[in-house]
Amino acid sequence: QNLMRNKTTGKLVPIDHGASFPSAFDGGLSEASFEWLMYPQAKLPFTADMLKTIEEIDAEKDVINLQKIGLKEGAQLSTWMATTLLKEGAKSGLTLFDIGSMIQRQGDR
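Residues numbered from 1 in each chain as written. Predicted model: local features only at pLDDT ≥ 70, side-chain atom pairs only at ≥ 80, totals over all residues. Heavy atoms only, no water.

Chemist: I'm lost on the overall build of the chain in this one. Help?
Modeler: Secondary structure summary: the chain contains five helices and two strands in total. Reading the chain from its N terminus to its C terminus gives the helix and strand order β-β-α-α-α-α-α. Burial analysis of the chain (109 residues in total) assigns 23% to the buried set. Of the contacts made within the chain by residues no fewer than 6 positions apart, 62% connect residues no fewer than 24 positions apart. For the chain, the accessible surface area stands at approximately 8000 Å², while carbon and sulfur atoms represent 58% of it. (Helix = DSSP H or I, 4+ residues; strand = E, 2+ residues; numbered from the N terminus. Buried < 20%, exposed > 50% of the residue type's maximum accessible area, 1.4 Å probe, protein only. Contact = heavy atoms within 4.5 Å. Areas by Shrake-Rupley, 256 points an atom, 1.4 Å probe, with all protein chains shown as cover.)

Chemist: Can you walk me through the environment of phenylalanine 97 in this structure?
Modeler: Mapped onto the secondary structure, phenylalanine 97 falls in helix α5 (residues 96-103). Those residues in contact with phenylalanine 97 that lie beyond four places of it in its chain are Leu37, Ala42 and Lys43.

Chemist: So what exactly am I meant to see when it comes to the packing of aromatic side chains here?
Modeler: Centre-to-centre distance and the angle between the planes together describe a pair of aromatic rings. Following the criterion strictly, the structure yields one aromatic pair and no others. Looking at lysine 43, its charged tip hangs above the ring of phenylalanine 97, at a distance of 4.6 Å from the centre. (Phe/Tyr/Trp six-rings, centres within 6.5 Å; stacked < 30°, edge-to-face > 60°. Lys NZ or Arg CZ within 6 Å of the ring centre and 35° of its normal.)

Chemist: I tried to follow a nonpolar patch on the surface on my own but got confused; where do I start?
Modeler: Residues Phe25, Leu77, Trp80 and Met81 make up a contiguous nonpolar surface patch of about 360 Å² in total accessible area. Within the secondary structure, phenylalanine 25 sits in the loop between α1 (17-20) and α2 (48-55). Judged by its relative accessible area of 54%, phenylalanine 25 is exposed. (Patch = residues over 30% accessible without salt bridge, like charges linked within 9 Å, V, L, I, M, F, W, Y side chains within 5 Å. Salt bridge = Lys/Arg side-chain N within 4 Å of Asp/Glu carboxyl O.)

Chemist: Help me out: how do you make sense of the pattern of salt bridges in this one?
Modeler: Tallying each qualifying case throughout the model produces two salt bridges. Its salt-bridge partner being lysine 52, residue glutamate 56 comes within 2.5 Å of it at the nearest N-O pair. The class of glutamate 56 is exposed, set by a relative accessible area of 53%. For lysine 91, the salt bridge goes to glutamate 88, with nearest N and O atoms at 3.3 Å. Taken together, the residues span about one helical turn, with lysine 91 and glutamate 88 both in helix α4 (residues 73-91) at a distance of three residues.

This is the structure we're talking about:
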């Protein structure tokens, strides 16, 4: 985990934002690695509640919020693409494993 402990508050803070928001422009997506693909539950179908939650995600609103905090355009695009893939894949009956496998390179699974 790439976490740093704040000396004042003691809270853990994520520090590897590049891995969290890879850029669609500079090859960042080719580095995508999803450890959760190995979790058995990733191969289970989404529940009705999960599907409803996924359907309610507003990718455009998320991109606007990412713009407001200054995230680079390539990372905004990657977020929009991943969200759209999740929504369309879930709607089509794919599992999280199926969807993640479309992004992560074959040799990395």
